[in-house]
Protein chains: 2
Amino acid sequence: MQLRRHDVLDGAIAILDEYGLADLTMRRLASSLHVQPGALYWHFPNKQTLLGAVADRILEPIDAPVTAVSWDGQLLELAHRLRDALLSIRDGAELVSATYASRLTTTQAREKFVKAALRAGMPRPEAELAAYTLLYYVLGHTVDEQSRMQMDSYGALTEDASPLFETPDATARFDFGLQLFVGGVRNRLGDRVRA
Amino acid sequence: MQLRRHDVLDGAIAILDEYGLADLTMRRLASSLHVQPGALYWHFPNKQTLLGAVADRILEPIDAPVTAVSWDGQLLELAHRLRDALLSIRDGAELVSATYASRLTTTQAREKFVKAALRAGMPRPEAELAAYTLLYYVLGHTVDEQSRMQMDSYGALTEDASPLFETPDATARFDFGLQLFVGGVRNRLGDRVRA
DNA sequence: ACCTGAACACCGTTCAAGT
DNA sequence: ACCTGAACACCGTTCAAGT
């Protein structure tokens, strides 16, 4: 019957997925676990830390080894895996982008992106900058995409014909930006070779 | 002595710049204006709307006409202007990126980016996607940059040698991603021409 | 070691009533 | 038209005290 750190995280994920980030409060989480709010503070020093742990959970799938061999294939694979992880749970993108203010730096995910960029033939410092550029894009796009899903699901049901959705589906739009990025990297490497 | 909508915004900006977004509460704002909290709700329906108005204020400088003539010059100019606007006030990037969950759609800023992309020779749907891609990058980069400025200013004073800051300065790092993006657009246009 | 009870210092929002 | 007073329904966090 004892409350474990693991159970707290499970409870947090459950509330997040059912009711959304706004309803993920310490008090609500405590009561869903049949426990007083203060009890949570034995397992986590504060809410921010708890949310960080939830974010890590969401991003776990990214740690699987990359199967693609080409650098661009690896980047695409990683970007899609990140997006999929964020979309796998309600408000996942918002939570991760909010708690990772600068925590992306510490993440394994970041290092994986960097490695793929290194494989493309970029020097370390450039590869890191390129990795960040791609991460910003994936996060920004996915936060936007997910918030629109929420808005569409209840309320404004495509009232005024969303001005942008003649464009295929969300995945195709995501891929467009990805291709732009990969093209940018390719373009830069080309310059270097020709110089 | 009457409170005007304009004064409320001025007060909000003042609190934001002096104490940060976390301290920008309706109650704190009200008391800084020597008024009861409820008074604010005569001028704004809720906090979200007020923050939206603050965000619009911050982004005003972007509405100035673009001086560059080439499409890539225009994109660089707009991106820098956006970044400068966000950095001009404490937590500006965080506020804008938080309140513009999907409000970027409605913004003049977005349309300006689209126009520059059209000028590059992209068809409408692609130009819109490219504009979003760039916007996500600028917002993501600037939120990160500004949050790090805050962290550096008090507290963790580059204790463990921030792993990434051998790279020049923030502006140079920003430009790297910009060039990557422009290169991506150029690359894509090249394909089209050659095809 | 792990949790309760109870408090502290806050929030955003509403709304009758005042002027 | 514009604001006050006062309440409602919440927050995150702390900490003595219990088991």
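Keep in mind the model is a prediction, meaning the values are calculated, not measured.

Calculation notes
- Residues numbered from 1 in each chain as written.
- Chains lettered and ligands numbered in written order.
- Predicted model: local features only at pLDDT ≥ 70, side-chain atom pairs only at ≥ 80, totals over all residues.
- Heavy atoms only, no water.
- Core = buried A, V, L, I, M, F, W, Y, C linked by side-chain atoms within 4.5 Å.
- Buried < 20%, exposed > 50% of the residue type's maximum accessible area, 1.4 Å probe, protein only.
- Helix = DSSP H or I, 4+ residues; strand = E, 2+ residues; numbered from the N terminus.
- Contact = heavy atoms within 4.5 Å.
- Polar contact = N/O pair within 3.5 Å; in protein donor to acceptor, adjacent residues only side chain to side chain.
- Phe/Tyr/Trp six-rings, centres within 6.5 Å; stacked < 30°, edge-to-face > 60°.
- Lys NZ or Arg CZ within 6 Å of the ring centre and 35° of its normal.
- Axes fitted to C-alpha atoms, helices over the stretch in contact; angles between N-to-C directions.
- Parallel < 35°, antiparallel > 145°, perpendicular 65-115°, else oblique.
- Left-handed = near helix turned anticlockwise from the far one by under 90°.
- Nonpolar A, V, L, I, M, F, W, Y, C, P; charged D, E, K, R; others polar.
- Near = heavy atom within 4 Å.
- Least-squares fit on C-alpha atoms with pLDDT ≥ 70 in both.

Caption draft 1: Up close: the nonpolar core. Residues and elements named next belong to chain B. Formed by 59 residues in total, the largest nonpolar core has its most connected members in Val54, Val96, Phe113 and Met122. Looking at this core, the element that brings in the most residues is helix α8 (residues 124–153), giving nine residues. Setting aside its immediate chain neighbours within four residues, Val96 contacts Ala55, Ile58, Leu59, Leu86 and Leu139.

Caption draft 2: The arrangement of unusual backbone geometry in detail. All names here are of chain A. Here the phi dihedral of His34 falls at roughly 55°; this positive angle occurs in a residue that is not glycine. Structurally, the position occupied by His34 is in the loop between α2 (26–32) and α3 (40–43). The class for His34 is exposed, based on a relative accessible area of 73%.

Caption draft 3: Quick peek at the side chain of Glu145 of chain A. Residue and element names in this part refer to chain A. If you trace the backbone, Glu145 turns up in helix α8 (residues 124–153). Of the polar contacts made by the side chain of Glu145, one reaches the side chain of Arg83; its length is 2.7 Å. Apart from residues no more than four positions distant in its own chain, Glu145 is found in contact with Arg83, Leu87 and Ala170.

Caption draft 4: Quick look at the packing of aromatic side chains. Applying the stated rule across the entire model yields six aromatic pairs over all chains. Put simply, the rings of Tyr132 and Tyr136 of chain A together with Tyr137 and Phe174 of chain B pair up and form one aromatic cluster. Its end group placed over the ring of Tyr19 of chain A, Arg28 of chain A keeps NZ or CZ at 4.5 Å from the ring centre.

Caption draft 5: Just the packing of helix α6 (residues 92–99) of chain A against α8 of chain A, in detail. Residue and element names in this part refer to chain A. One way to put it is that α6 packs onto α8 with a least axis distance of 8 Å and a crossing angle of 140°. Relative to α8, the element α6 lies oblique. Here α6 runs over α8; the crossing is left-handed. Residues Gly92, Ala93, Glu94, Val96 and Ser97 of α6 lie in contact with α8, whose contacting residues are Leu139, Thr142, Val143 and Gln146. In the contact of α6 with α8, the residues fall into four nonpolar, four polar and one charged.

Caption draft 6: Just the protein's contact with DNA strand D, in detail. Taken together, the neighbourhood of DNA strand D is formed by 16 residues, with Arg27 and Tyr41 of chain A together with Gln2, Trp42 and His43 of chain B sitting nearest. In the environment of DNA strand D, a phosphate oxygen lies 2.9 Å from a nitrogen or oxygen atom belonging to the backbone of Lys47 of chain A. A distance of 2.9 Å is found between a sugar or linking oxygen of DNA strand D and a side-chain nitrogen or oxygen belonging to Gln2 of chain B. Of all the secondary structure elements, the ones that give two or more residues to the surface near DNA strand D are α2 of chain A together with α3 (37–43) of chain B. Counting residues per element, the surface near DNA strand D draws most heavily on α3 of chain B, at four residues. Of the residues that constitute the surface near DNA strand D, the class distribution is six nonpolar, seven polar and three charged.

Caption draft 7: Quick look at the relation of the copies chain B and chain A. For the pair chain B and chain A, the best superposition has an RMSD of 0.0 Å and corresponds to a rotation of 180° with a translation of 0.0 Å parallel to the axis. Put plainly, the chains are arranged around a two-fold axis. For chain B, the minimum C-alpha distance to the rotation axis belongs to Gly184 of chain B and amounts to 1.8 Å. Both copies present the same face, since 100% of the interface residues in chain B are matched by interface residues at the equivalent positions in chain A.

Caption draft 8: Region of interest: the packing of helix α5 (residues 71–87) of chain A against helix α7 (residues 108–119) of chain A. Residues and elements named next belong to chain A. Packing of α5 against α7 brings their axes to within 8 Å, and their N-to-C directions diverge by 160°. On the basis of their axis angle, the class for α5 and α7 is roughly antiparallel. For the pair α5 and α7, the sense of crossing is left-handed. In contact with Trp71, Gln74, Leu75, Leu78, Ala79 and Leu82 of α5, α7 contributes Lys112, Phe113, Ala116 and Arg119. For the contact of α5 with α7, the per-class residue count stands at seven nonpolar, one polar and two charged.

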